[in-house]
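Structural overview
Here are the chains, one letter per residue:
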Amino acid sequence: MRIASNQYHTTMNSALQAANEGLTHVMQQMASGQRVLKPSDDSIAALRLARLSREEAALGQYRDNIGALQSRLKTSEVTLDSIREDLQATRDLLVWAADAGNTGDDLNAMSGSMKTLHDSLLFLANSKNAEGRYLFSGTASDQPTVDAGYNFLGNSQTQDVAVGDNLSVGGNVSLEGMGAFLRQLNALQGQLATPGVTAEGVHADVTAMIDALDLTLGDVAGKIGQLGGRQNILSTMDTNHASVSLANQQSAIDLGQIDYGEAATRLNSYALALQATQKAYAKVSQLSLFDAI
Amino acid sequence: MSILLNGLTGAQAAQAALGATSQNVANAMTPGFTRTGVLLGSMQTPQGGAGVQVSKLLRFADSFKNVQLWQATSQLGQYSAGQSYLTQLEQVMSDDTANINNGIDQFFAALNAASVQPESGPLREAVLTAADGLVKRFDSLQQLFTNQQTAISTQRDGVVNQINALTQDIALLNKQIAAGRATGMNDAGLQDARDEKIKALSSLASLQVVDTPDGAKSVSLKGGQPLVVGADAATLSTAGPGVLNLKFANTTFTITDIGQGGQLGGLADLQKQVLGPMRTTISELALGIGNAFNAQLALGFAPPAGTPGAPLFDTSGGTLKMTGITASQLAFSSSPTVSGDSGNLTALIALKNRPMTITTFDSAGNAAGSTQIITGDVFTQLVGKLGVASSLNQASQKTATTVRDQSEEDWKSSAGVNTDEEAINLMQYQQMYQANMKVVAVANQLFDSTLQMLG
């Protein structure tokens, strides 16, 4: 075929452009470490990467929720533990009070300790979080757990926290029976504080109080157990999420990250093609019949 | 005497050939220049040879190759016109920190975070902030679409103006060439100029070019609507999106720019097949999220207010906006009295995986029914589609570039100048000139000898 002289220049231009385009692309890939720079580079991989990134975002949020929920449950657990200790101390006091050998003065003295424990329990039952919300009032968290009249104003419902797709864990427990218990304790404390009180006279009430306390203690221990169980579920969920997240990140690397070895080879071949074209052009453009005549 | 005259015609023919060669060498790098040459023919009289004549000045044009080149130029124009817009969209929409998906993720993340403590003020504020962020992302994407729309329509106006200027030029050149033919003028330069204009025009729209006996070229659009007939040119003007008016000799045609090829058709394709459907989907996604959210909020309560929840988004104007409700007005509770309830919040979170109705489009960009896609995946699929459209266009552009380069090479193989060839011509015609001058000298000597004999 007949070749026009300026065809060499055109060919050289096209070759330069193609090689430069390839070089720019591979250098961008190397600089960013990404194989897929824009969706059209590999639309399927881009789609899968986007979906992985969506899933990662959701997993990250669930893991954040788990962290926040764990600390919230921990606060409840610590408070309930203090309540349990106070109840235990109250029980020791009641057992002592049930002793028929106590004098009226002894019982009067005990009422002072009982008052302190009553106040502490009342305070703990009405614990609030940083935003002033009651911990043990169920979802009616703006209502006190035990009001001035010893009534429980909350409810038994749980606040469900999303920790996975269609999976939630309760964030609170309610202390429904605490009001009634404290009312009874308050009444007994009043009796013990009365001058001239006798061990025999209060014996039946003290025994009834011990029974009520044992029930409450069992209830509180059960709540602590519930919270522990939820913490376990949360740890398991967190581990699961972490594994899935790791697998996702691995897939994202496989799909989207550049293979530097392969990229370096490509870079070399573009550079080589460019050099060869330049040399060929330099040679060819030296050939002119006009130089010979 | 005939020796002297033969020598003279030979020297003159060699000069003409050298003239053509020098013109070729001078224009070796001129774009669109078609090389020239001379066609020599011997002159015969009944008395014998009467020398040589330049029977024709040749222009090495190949009209078939011209047509191929113009077609290839149209194809390239069509695929190149839209690519820069597609690349820009791709870059903006796939940017993982700025795209809509990220906004949706952050919004639902804020809702999820609120579920840890649904009555918490700061967590509720975070939901409002994330919702506002989502609205702004939709805003800025829609702004980008609007900007592209403006850029495309400006470019379209520019293309139409260029078409008008080029058709005027071609019509004028037709007139000059026809006039030149009548007086026997050499019109090689005019023809080169006209071919270059047609090539420039073919990058703007697909053309049909027909030669007429008077040397003029009639140019029409792919569908046959005339652009240039002889010395008359049509005037094109835009008349709203997708519609053009073509005025020729007091008749006005209304045509569509879809399918016209070249940059004109490429821009129309981009708008109809990619931008239009994408704008629709983004708008459906924005309003879909807003309406679904408002509907769910209306089913809940924000105690202590005992009335159903107020809407978070304002979708009345066809775009997503915030209504400006406060954090405490977010209806996360499913009870009108219990403030710490999170029943409705759970339902709001579940909206992420609820399907919404999205219009589907055929490859020509016409609505073709609808499909159900879950909220979190609409944008992902949209970016996927954009990626496919862009990579298809890039592949077509690459093919068109190769075909155009090939056609250009083909065209040059007959019309382009090869300097080595011209060097040979130069030597050959120089020798021819020298030989003929020798003949003249010999004839002169013979004449002298004859005169001496007589003297």
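Definitions and cut-offs
Note that residues are indexed from 1 along each chain, following the sequence as it is written. In the order they appear in the text, chains get letters beginning with A and ligands get numbers beginning with 1. Reporting of local features is limited, given that this is a predicted model, to residues whose pLDDT is at least 70; pairs of side-chain atoms are given and counted only at 80 or more, and all residues count toward the totals for whole chains, interfaces and linings. With hydrogens and water set aside, each side-chain value is computed from the structure's full complement of heavy atoms. Only one rule defines a salt bridge in this text: a Lys or Arg side-chain nitrogen within 4 Å of an Asp or Glu carboxyl oxygen. To qualify as a helix, a DSSP run of H or I must reach at least 4 residues; to qualify as a strand, a run of E must reach at least 2; elements of each kind are numbered from the N terminus. Each residue gets one of three labels from its accessible area relative to the maximum for its type: buried under 20%, exposed over 50%, partly exposed in between, using a 1.4 Å probe on protein chains only. Any two strands are treated as partners once DSSP identifies two or more bridges connecting them. Geometry of aromatic contacts follows a simple scheme: Phe, Tyr and Trp rings, the Trp one being its six-membered ring, pair when their centres are within 6.5 Å, and the pair is stacked under 30 degrees between planes, edge-to-face over 60, tilted otherwise. Any Lys NZ or Arg CZ that is within 6 Å of a ring centre and within 35 degrees of that ring's normal is treated as a charge sitting over the ring.

**As for the pattern of salt bridges**
Residue and element names in this part refer to chain B. Considering all chains together, one arrives at 25 salt bridges over all chains under this definition. Notably, a salt bridge pairs Arg 59 with Asp 195, separated by 3.3 Å at the nearest N-O pair. Residue Arg 59 is located in strand β2 (residues 48-59), and its partner Asp 195 is located in helix α5 (residues 188-202); the two are separated by 136 residues in the primary sequence. Of the two residues, Arg 59 and Asp 195, neither departs from the other in class, the shared state being buried. Where salt bridges share partners, they join Arg 59, Asp 192, Asp 195, Asp 211 and Lys 217 into one cluster.

**Looking at the pairing of β2 of chain B**
All names here are of chain B. With nine bridges joining them, strand β1 (residues 36-45) and β2 adopt antiparallel strand pairing. For Val 38, the partnering residue across the bridge sits in β2 and is Leu 57. Counting the residues between successive antiparallel strands, the hairpin from β1 to β2 contains two residues.

**A few points about the packing of aromatic side chains**
All names here are of chain B. All told, the structure shown has four aromatic pairs over all chains when counted by the stated rule. With a centroid separation of 5.9 Å and an interplanar angle of 70°, the aromatic rings of Phe 107 and Phe 313 are classed as edge-to-face. Remark: Phe 313 occurs in strand β12 (residues 313-314) and Phe 107 occurs in helix α3 (residues 100-114); sequence separation between them is 206 residues. Pair check on accessibility: Phe 107 and Phe 313 agree, each one buried. Taken together, a centroid distance of 5.8 Å and an interplanar angle of 75° make the contact between Phe 293 and Phe 313 edge-to-face. Separated by 20 residues along the polypeptide, Phe 293 in helix α6 (residues 262-298) and Phe 313 in strand β12 bring together distant segments of the chain. We classify Phe 313 as buried; its relative accessible area is 2%. Among the aromatic residues, those joined into a cluster by ring pairs are Phe 107, Phe 108, Phe 293 and Phe 313. It is Arg 35 that lies over the ring of Phe 60; its NZ or CZ is 3.9 Å from the centre.

Any functional reading would require information beyond the geometric quantities listed.
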